[in-house]
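Topology and contacts: notes
Chain residues, written in single-letter form:
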Amino acid sequence: MTRDEIKDVLLEIIADIDEEADFARLDADAPLRDQLDLDSMDFLDIVMELRKRYKLHIPEEEYPQLATLTSCVNYLEPKLQHV
Amino acid sequence: MAAYQLVIIGGGLSGLAAGIRAARFGIKTLIVEQHSLPGGLNSFYVRQGHLLETGLHAMTNCAPANDKQAPLNRLFRQLRLPRREFPCHEQIGSEIRFGGRSLLFGNDPAILEASIDRVFPGRIDRFRRLRQEIAEYDPFAAGPWRSGRQFLADHLDDPDLADTLLLPLMIYGNAEEEDMDLGQLVIMFRAVFEEGFFRPAATMREFLGLLVQQFRDFGGEIRFRSPVESIVSDRDRVVGVLLAGGEMLGADAVVSTAGIPETMRLSGWPGEVDRYVGRMSFMETISLVSRARTATLTRDRTIIFYHHGDRLQYRRPSGYLDPTWGVICFPGNFLGLPPEDPVQIRTTNAASYPLWKALSAESYESVKRRWTEAAVSASEEIVGNYRSSIVYQDSFTPVTIERFTRKAEGAVYGSAVKIKDGVTPWPNLFLAGTDQGYLGIVGAMLSGITMVNRHILR
Ligand SMILES: Cc1cc2nc3c(=O)[nH]c(=O)nc-3n(C[C@H](O)[C@H](O)[C@H](O)COP(=O)(O)OP(=O)(O)OC[C@H]3O[C@@H](n4cnc5c(N)ncnc54)[C@H](O)[C@@H]3O)c2cc1C
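Residues numbered from 1 in each chain as written. Chains lettered and ligands numbered in written order. Predicted model: local features only at pLDDT ≥ 70, side-chain atom pairs only at ≥ 80, totals over all residues. Heavy atoms only, no water.

1. Describing the packing of helix α1 (residues 13-24) of chain B against helix α8 (residues 204-217) of chain B
Residue and element names in this part refer to chain B. Worth spelling out the cut-off: The convention used is that axes are lines fitted to C-alpha atoms, helices contributing only their stretch in contact, and that angles between N-to-C directions extend from 0 to 180 degrees. Under the DSSP-based scheme used, a helix requires at least four consecutive residues in state H or I and a strand at least two consecutive residues in state E, with every element numbered from the N terminus. In what follows, roughly perpendicular refers to angles from 65 to 115 degrees, roughly parallel to angles under 35, roughly antiparallel to angles over 145, and oblique to any angle outside these ranges. In a left-handed crossing the near helix is turned counterclockwise from the far helix by less than a right angle, and in a right-handed crossing that turn is clockwise. We call two residues in contact whenever any of their non-hydrogen atoms come within 4.5 Å of each other. Gly counts as polar in this scheme, as do all residues outside two lists: the nonpolar Ala, Val, Leu, Ile, Met, Phe, Trp, Tyr, Cys and Pro, and the charged Asp, Glu, Lys and Arg.
Viewed as axis vectors pointing N to C, α1 and α8 meet at an angle of 30°, and their least axial separation amounts to 8 Å. In terms of their interaxial angle, α1 and α8 are classed as roughly parallel. Read as a crossing pair, α1 and α8 show a hand that is left-handed. Contacts between α1 and α8 involve L13, L16, G19, I20 and A23 from the first element and M204, F207, L208, L211, V212, Q214 and F215 from the second. Taken together, the residues of the contact of α1 with α8 sort by class into 10 nonpolar, 2 polar and no charged.

Now the structure itself:
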């Protein structure tokens, strides 16, 4: 997947989790949780959804690397390159 | 590989929520429920053409759909249910009548503050500081038991106000007698006084239907009329459940919502069962009264918590039922509901399981009638007379609760000792629901969600 495709997948997953999510003013380099008012339970859902879709196991120690949209894409790019 | 990755014992609110979470992420999940209907304590039945709900007075934790951090909305997100399609009807207003005083509260905490200011002059600043402390307290952090009663006494410096506030918090969510763990008090204070009461637009039947549908849509399987007879283990792991009919269902993991005593019995979990048998149970009477005859009844109260006598007596009574304190609920008195006819009145009083259990089949019915009368009389002193206009009436006792939910001694809120991490002696058997520690409808669902997130999805 390309970086743009990964980004679209992430936004789609977040939109599914949170019907109220507002992406209009989303800053790709600022923490997602603060901007979207997500909590750790929602966050787990992003991880679980990635696991369900791509059989991707993200260990808990690596969750911090998913803090912003850009860092998510950086982290996922090598893992999803053959998808 | 086992037939199921996860088997959940119990199709009550915690079991359904747990099932939706697991199935949503592709885990092959089966819920087994002994009854022909879902819901457990919070189910429904139809008698003489009336749909009667078994548990619901009100749902707690009312919140507008756009408040993302509110427990109710987190719950909907976790279950992937569209919150906007779930209209809530807020309460009209509730009242605590305690030893001759009365406090009013609603879903706006300002109502309670104004009432405290009137009834307990000079206490309002202390109450505001208490609210602040409760807002900042983390009830989910692990820690030793702390006395909620002492906490209120220290902050309010007024035993009457402390007991008045405790009454609804205990009745709607305390498994212990006499005192309440501070963490549980904080959870209940927020659920009742900060967020408040509402009802879904439809009945419990539709709500349960929605949950079962969601579970099935995610690929989950549910079997009704399937009592689990034992939880089967092989060496140090649980390998599945055995149904009463003799069918064995293999499982990689089992979540039990049947309560600690029942789970101990099913699994052969070594330990002292008595320690986990709760003592607080209740008798509830539902009366349907024809609307034409209700002109004199209270219209502007949703729930009334009452208590005669000066010091709070939250304990198992020495007689069959204690009519000196309890709850009176008008399930029709929520904003925006169409006027119901007949009008429903529910009364709930503490009741003693051992006394009810000891009755012979012949005397059970007459004793039940006698105490139904006592409960109705006690409520008439508060809301006005309605006995002569009752078109249908039904009651259930601690024995009924035990029979229908297998909660030992009919303890609605389960064991006074909770197992908050849901862990059992087996590495793949977990607890959820009442005995894990979150109580009430919203609490039970959050429990199912939390336990699956923590033990199954990781
Ligand atoms: C009279 C009354 C009024 C209430 N009013 C309110 C209210 O207004 N608001 C509120 O928020 N809460 C209320 N509650 C509390 C609320 O109903 C409960 O806290 C909640 O429903 C508990 O859900 P649970 O899933 O933990 O347990 P349960 O509902 O007890 O679910 C457990 C399920 O497991 C099944 N089961 C047990 N053993 C087995 C077995 N061996 N095999 C198969 N199945 C088994 C049972 O049949 C049951 O369906 C009320 C309760 C009562 C009794």
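The discussion continues.
2. Some thoughts on the domain arrangement of chain B
All names here are of chain B. Test applied: Domain ranges listed in this record stem from an automatic or a database domain assignment. The buried area of a pairing is the accessible area, by a 1.4 Å probe, that goes missing from both parts when the two are put together, added over both. Every case where a carboxyl oxygen of Asp or Glu lies within 4 Å of a side-chain nitrogen of Lys or Arg is listed as a salt bridge.
Looking at chain B, the domain boundaries give domain 1 (2-85 + 201-276 + 414-456), domain 2 (112-193) and domain 3 (279-405). The distance between the C-alpha centroids of domain 2 and domain 3 comes to 26 Å. Contacts between domain 2 and domain 3 engage 15 residues on the former and 16 residues on the latter. Counting the surface lost from both domain 2 and domain 3, the interface buries some 1400 Å², and carbon and sulfur atoms represent 60% of this. The largest per-residue losses of area from domain 2 upon contact with domain 3 belong to L167, I171 and E177, which jointly make up 42% of the total buried on that side. For the pair domain 2 and domain 3, the number of links is 4 salt bridges. Between R315 and E178 there is a salt bridge, and its shortest N-O distance comes to 2.5 Å.

3. Here we look at the sheet that holds strand β6 (residues 94-98) of chain B
Residue and element names in this part refer to chain B. Spelled out, the test is: A pair of strands is treated as paired once DSSP finds two or more bridges between them.
Spatially, the 7 strands line up as an open sheet ordered β7-β6-β14-β15-β16-β13-β17, and their pairing is mixed. Every interior strand has two partners, whereas the edge strands, β7 (101-105) and β17 (390-396), have only one. Adjacent strand axes in the sheet meet at a mean angle of 15° when their direction is disregarded. The pairing of strand β13 (residues 281-289) with strand β16 (residues 343-351) spans 9 bridges and is antiparallel. Its bridge partner lying in β16, E284 is registered against T348. Packed onto the sheet, helix α6 (residues 159-171) meets β6, β7, β13, β14 (303-307) and β15 (325-329) and runs at close to 125° relative to β6.

4. Considering the environment of G326 of chain B
Note on placement: G326 of chain B falls in strand β15. Sequence separation between G326 of chain B and G148 of chain B is 178 residues, and the spatial gap between their C-alpha atoms is 20 Å.

5. Topic: the pairing of strand β10 (residues 228-234) of chain B
Residues and elements named next belong to chain B. Two elements, β10 and strand β11 (residues 237-243), share 6 bridges in a ladder whose sense is antiparallel. Within β11, the residue paired with S233 across the bridge is V238. Hairpin connection between β10 and β11: a loop of 2 residues separates the two successive antiparallel strands, and R235 in this loop has a positive phi of roughly 50°.

6. Here we look at the packing of aromatic side chains
Worth spelling out the cut-off: Only Phe, Tyr and Trp rings take part, Trp by its six-membered ring, and two of them pair if their centres are within 6.5 Å. Stacked means planes under 30 degrees apart, edge-to-face means over 60, and tilted covers everything else. When accessible area is computed with a 1.4 Å probe and restricted to protein chains, residues below 20% of their type maximum are described as buried, those above 50% as exposed, and intermediate ones as partly exposed.
Following the criterion strictly, the structure yields 17 aromatic pairs over all chains and no others. With 6.4 Å between their ring centres and 65° between their planes, F43 of chain A and Y63 of chain A make a pair best called edge-to-face. Taken together, the residues span a long stretch of sequence, with F43 of chain A in helix α3 (residues 40-54) and Y63 of chain A in the loop between α3 and α4 (69-79) at a distance of 20 residues. Here F43 of chain A matches Y63 of chain A in class, with each residue buried. On the numbers, 4.7 Å between centres and 45° between planes, the contact of F76 of chain B with F86 of chain B is tilted. With a gap of 10 residues between them, F76 of chain B in helix α2 (residues 71-79) and F86 of chain B in the loop between α2 and β5 (88-90) connect regions that are remote in the sequence. The buried category is assigned to F76 of chain B, whose relative accessible area is 3%.

7. So, the interface of chain B and chain A
Across the boundary between the two partners, chain B contributes 21 residues, which contact 19 residues of chain A. Across the chain B/chain A interface, buried area totals approximately 1900 Å², and carbon plus sulfur atoms make up 42% of it. When residues of chain B are sorted by the area they lose upon contact with chain A, F25, K68 and R77 of chain B head the list and together hold 33% of the total. At the surface where chain B touches chain A, the tally comes to 9 salt bridges. K68 of chain B is the salt-bridge partner of D18 of chain A, the closest N and O atoms lying 2.7 Å from each other.

8. Let's talk about the confidence of the model for chain B
Note the threshold: Per-residue confidence from the predictor is given as pLDDT, running between 0 and 100.
Confidence along chain B averages 95 in pLDDT terms, with 100% of residues attaining 70 or more. The complex prediction reports pTM at 0.95, with the ipTM value standing at 0.87.

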